[in-house]
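The lines below spell out each chain.
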Amino acid sequence: MGEFIPIARSWDRVEKARGDSDTAYFYELLYLGELATKLIALGLLSSVPGERQQHRYALEHELVRADSIGSWVKVLHEVLQGPAAAVALYESRTVRAQLTQGFAEDSGAWQRSCVTALESALGEFEKVEPSQGKVSLRRWLDSFARLRNATRGHGAPLAAACSKAARPLQASLTAITDELELFRRPWVYLHQNLSGKFRVIELGGDASALAHLKSSPDYNYRDGIYIYWDAPRPVNLITTDVDIRDIYVANGKCSGNTCEGLSYHSDDRVALDTSRWKTPPSARPTSETAPPPNLDVVGNTFATLPPPRPDYVRRPRLEQELREVLENEHRHPMVTLLGRGGIGKTSLALQVLHDLGTATETYEFILWFSARDIDLLEHGPRVVRPQVLTISEVAEDFVSVIEAMPDGTWDSAQDYLRECLSGTDRLGGPALFVLDNFETVQEKSELYHFLDTAIRLPNKVLITTRQSEYKSDYPVEVRGMEEPEFRELAQATGTRLGIGQLLIEDYLAAVYEESDGHPYVVKVLLGEAATAGHRVDVERIMASKEELLDALFERTFEALAAPVQRVFLTLSNWRSNVPRLALEAAVLRPENQERIDVAHALRTLQRASLIEVASSPVDGEEVISVPLAAAVFGRRKLTVHPYKTAIEADTQIIRLFGASKTIHSERGVEPRVERLMSSIAQKLEAGESLDDVQPVLRYVSGKYAPARLHLADLYLQQLPRPQGLKRAVQQVERYIEDRPGDVMAWRKLTALKERAGDPLGEVQARLELAQRPDATITDVSAAANRLNQLLAEGQLSVDTDEKRIIAERLRDVFVLRRSEADATDLSRLAWLHMHLKDTAGALRYAEMGLKLDAANRHCQNLAERLRS
């Protein structure tokens, strides 16, 4: 069990600042306290599961927009003793107790000493009332927020006060970072390889409980930071990478779909994606398919059914299949309606259940539970509030509706629900339990196991879901509408929208083919035609409907394991039917060294209704197609997917295998070479020697420059560190010789030079990067920051003239882009002038930075130094 990396790195900064000045030392301690406060908040939030009240969502929504440490402390109080605390995981109780338990002054508890030391530091800047009675670490949180605001936030403290406050502040922070159990729990970064197995990179604590992820592809976690409580739980609003070069924590400045991520180690910043927290928690109405709160009579049945859809188009074959399986009291206690988003599962279920309740006496009760969090309306998707998300919520709503649980008879609502699922005597007759939008439920495996274990005929469970990960007794697959059903829907919708004159035969045929009979897509396309007043191109409209595509496919896509995502994106990238043989050849090359289970991936995608598989009438070979809307979504995801280059190579292989009538020869061998590199990497992971493939690697990298970047990664992964770094640097440098304008490659080179301990090479690479037209102000600022650091530490082993030339060139680039810089950036430019002995220029840019941010400590320190 090692030290907790984020905290350890901040302590390193504190120790370095100790030798500079007491003021610098004090401010670094404040930064450490900020980081500790944020990590406590995010760590404890990870122990709050998602539920219908959305306590965790609401608190994270607030943190995304938090521009002060006081806002973080407010959220922490909510996590500790607000509504979120009631649903927190049991495993977090000891951490919560450390933060909430009160201790008397003479208790000797580290918590009490921690608070006392912090308030001693705070007393140097404002009056502090002595702590009376028992005190918990919640008071520490409030006091730290006051200290931060009295100094770095809104104050201008004197150096003497900072010097006096530093010692007790250091003692307080030492106690909380050493003793708080949260910082000793297993924190890890998980990264899923193409094989489906995970790299488990420890950030702190003993991560042995996650060792199984390294050897099994049967788990699905998104890349990110996790804490192990009862299982790996994601820590949101914090990010890093597999090398743990930097760890970025949310730092306010929310704009659009991003907020700032700040590294408390390097002072660098990145943009964090916050699109998940775009909708205010209070803005979520009840779904249009939410059940009524009380039992009602539907024909011969007591039910909590939403009304059937008024615009529903009958689907006779599916209705008959579903009705027959529900009416059969001797078989299939678990039934699944399976299909992609918007395909009509819920509408079909409601119609059949209303028909069933009216025409038969099959069930005494039909009980509807909705986990729906998005309503697909004709004018677009709308976020709604789910009715149930957990086992306990299903049980509580069941008891509330039935109103029959005898007091004192059952230990819990779950026990009573289990008893009712297993027999009819408690309810008085057979019951059908319906869970709509099952993929939205939290802890799906546990809820499914609970239902599957408890249910007994003649009771049944009906689930509607986009992706079934379980082997239910009877799956009913809901695909696109049959053509007569589609035409009825199109004519009815067109008449209502007043565009009946547009629905001529060739247009209807085109819409049916390209929509794949998807009812929601058909309604959206016809709505666009009504708005435009003329026929619209289906693919162009779908490509422009980002919100629609996300609503239909995002959740399903994110639930796929990395290998399955890879296969789906490869299929989406090819706008034609793909023979399965060609797909396998593309994915499994070379020499049939299988690293992806293509058969499993196709079964998963087919169950999720993301692909369709048919046998060729000519030779019986399976042919795979992707519906248009899903393919458009896949191509959009591909633009930013980390496997993009490899998937482009897969597509080229499919093309060479004759998957399409059109061969785009102008693309050459580039994608094929990228795929070859990925395949070689998989062979090496399987134990083959790098020497066996060296001739192929040399040949391919000589023909196709981007292959050198893949080869660099390969060397890093497979060779001992010094040798791997050296050869990786060589490959990236060779690539840049061919494509000097690729800023991503320059960034890669700077990172490799830094890891290799080559400060001069790193500085030269950063300088070249800064001069690229596509470089960002962050690249320029980072280059200046690193050069300043190396010059200050005397790590550049070159003569004075060369140092001056490097600094002047970087200064000139920076000056040209000074209008894009913030205060911290300008402080770095000022230090460049300092190293060039230009104190007037240094003061000018320090003062310019203070005009942008009067509280910027870097500009403050430099300006004070130059004015004295």
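Fair warning: this is a prediction, and the values are worked out from it, not measured in the lab. (Residues numbered from 1 in each chain as written. Predicted model: local features only at pLDDT ≥ 70, side-chain atom pairs only at ≥ 80, totals over all residues. Heavy atoms only, no water.)

*Asks:* It is not clear to me how the packing of helix α27 (residues 707-718) against helix α29 (residues 743-755) should be interpreted in this structure. Could you clarify?
*Replies:* Running from amino to carboxyl end, α27 crosses α29 at an angle of 25 degrees, the nearest separation of the two axes being 12 Å. As summarised for this structure, α27 and α29 are arranged roughly parallel, according to the angle between their axes. Like other packed secondary-structure pairs, α27 and α29 cross with a definite hand, here left-handed. Residue-level contacts link Leu-709, Ala-712, Asp-713 and Leu-716 of α27 to Ala-745, Lys-748, Leu-752 and Arg-755 of α29. In terms of residue class, the contact of α27 with α29 is built from five nonpolar, no polar and three charged. (Axes fitted to C-alpha atoms, helices over the stretch in contact; angles between N-to-C directions. Helix = DSSP H or I, 4+ residues; strand = E, 2+ residues; numbered from the N terminus. Parallel < 35°, antiparallel > 145°, perpendicular 65-115°, else oblique. Left-handed = near helix turned anticlockwise from the far one by under 90°. Contact = heavy atoms within 4.5 Å. Nonpolar A, V, L, I, M, F, W, Y, C, P; charged D, E, K, R; others polar.)

*Asks:* I tried to follow empty space enclosed by the protein on my own but got confused; where do I start?
*Replies:* By rolling a water-sized probe across the atoms, one finds the places where empty space is left. Evaluation of the coordinates by the stated rule reveals two cavities of 30 Å³ or more. Considered as a void within the structure, the largest cavity measures approximately 70 Å³ in volume. No other element matches helix α1 (residues 5-18), which puts three residues into the lining of the largest cavity. (1 Å grid on protein atoms, 1.4 Å probe; cavity = no way out; pocket = protein on both sides within 12 Å on 5 of 7 lines; lining within 4 Å. Points joined across faces, edges and corners; volume = space filled by probe spheres on them.)

*Asks:* Please explain α29 as it appears in this structure.
*Replies:* Helical periodicity: at 3.6 residues per turn, an α-helix aligns residues three or four positions apart in one direction. Taking 1.5 Å of rise per residue, the 13 residues of α29 would be expected to cover 18 Å, and the 18 Å separating its terminal C-alpha atoms lies within 8% of that figure. Every buried residue belonging to α29 is among Val-743, Ala-745, Trp-746, Leu-749, Thr-750, Ala-751, Leu-752 and Lys-753, and all of these are buried. Buried-residue contacts for α29 involve α27, α28 (721-738) and α30 (759-770). For α29, the N-terminal cap is Asp-742; the gap from its side-chain oxygen to the backbone nitrogen of Met-744 is 3.0 Å. Backbone geometry just downstream of α29 places Gly-757 in the positive-phi region, at approximately 70 degrees. (Expected span 1.5 Å × (residues − 1). Buried < 20%, exposed > 50% of the residue type's maximum accessible area, 1.4 Å probe, protein only. Polar contact = N/O pair within 3.5 Å; in protein donor to acceptor, adjacent residues only side chain to side chain.)

*Asks:* What is the right way to read helix α11 (residues 345-359) from this model?
*Replies:* An ideal rise of 1.5 Å per residue puts 21 Å on 15 residues; α11 measures up with 21 Å between its terminal C-alpha atoms. The complete set of buried residues in α11 reads Lys-345, Thr-346, Ser-347, Leu-348, Ala-349, Leu-350, Gln-351, Val-352, Leu-353, His-354, Leu-356 and Gly-357.

*Asks:* Got a minute to help me understand the sheet that holds strand β18 (residues 578-579) in this structure?
*Replies:* Backbone hydrogen bonds hold the strands of a sheet together, and the pairing may be parallel or antiparallel. Taken together, three strands build an open sheet; the order of strands is β18-β20-β19 and the sheet is antiparallel. Two strands lie at the open edges of the sheet, namely β18 and β19 (612-615), each paired on one side alone. Strand direction decides the pairing type here: β18 and strand β20 (residues 622-625), joined by two bridges, are antiparallel. The residue bridging Val-578 from the neighbouring strand is Ile-624, located in β20. (Pairing = 2+ DSSP bridges.)

*Asks:* Explain unusual backbone geometry here, please?
*Replies:* Excluding glycine, residues mostly have negative phi values, and the peptide bonds linking residues are mostly trans. At the junction of Leu-457 and Pro-458, the peptide bond is cis and its omega measures out at 10 degrees in the coordinates. Looking at the element boundaries, Pro-458 is found in the loop between α14 (444-454) and β16 (460-465). Even without glycine at this site, Lys-837 takes up a positive phi of about 65 degrees. With respect to the element layout, Lys-837 can be found in the loop between α33 (823-835) and α34 (839-852). Lys-837 gets classed as exposed once you look at its relative accessible area, which sits at 72%.

*Asks:* It is not clear to me how the environment of Arg-317 should be interpreted in this structure. Could you clarify?
*Replies:* The residue Arg-317 is located in helix α10 (residues 316-327) in this model. For Arg-317, a relative accessible area of 48% translates into the label partly exposed. Each C-alpha atom of the pair Arg-317 and Pro-83 lies 47 Å from the other, and the pair is 234 residues apart in sequence. For Arg-317, the side chain forms a polar contact with the side chain of Glu-482, separated by 2.9 Å.

*Asks:* I'm lost on the pattern of salt bridges in this one. Help?
*Replies:* Between side chains of opposite charge, a pair can form as their charged atoms come close. Scanning the entire structure with this criterion turns up 49 salt bridges. Arg-56 is the partner of Glu-60 in a salt bridge, and the nearest nitrogen-oxygen pair spans 2.9 Å. Of this pair, Glu-60 and Arg-56 both sit in helix α3 (residues 55-64), separated by four residues, roughly a single helical turn. Neither Glu-60 nor Arg-56 differs from the other in exposure class; each is buried. The partner of Asp-311 in a salt bridge is Lys-523, and the shortest N-O contact between them spans 2.8 Å. Of this pair, Asp-311 sits in the loop between β10 (301-303) and α10 while Lys-523 sits in helix α17 (residues 519-532); the two residues are 212 residues apart in sequence, bridging distant segments of the chain. Classification of Lys-523 as buried rests on a relative accessible area of 13%. Ionic contacts of the salt-bridge type, sharing partners, join the residues Asp-241, Asp-243, Arg-245 and Arg-755 into one network. (Salt bridge = Lys/Arg side-chain N within 4 Å of Asp/Glu carboxyl O.)

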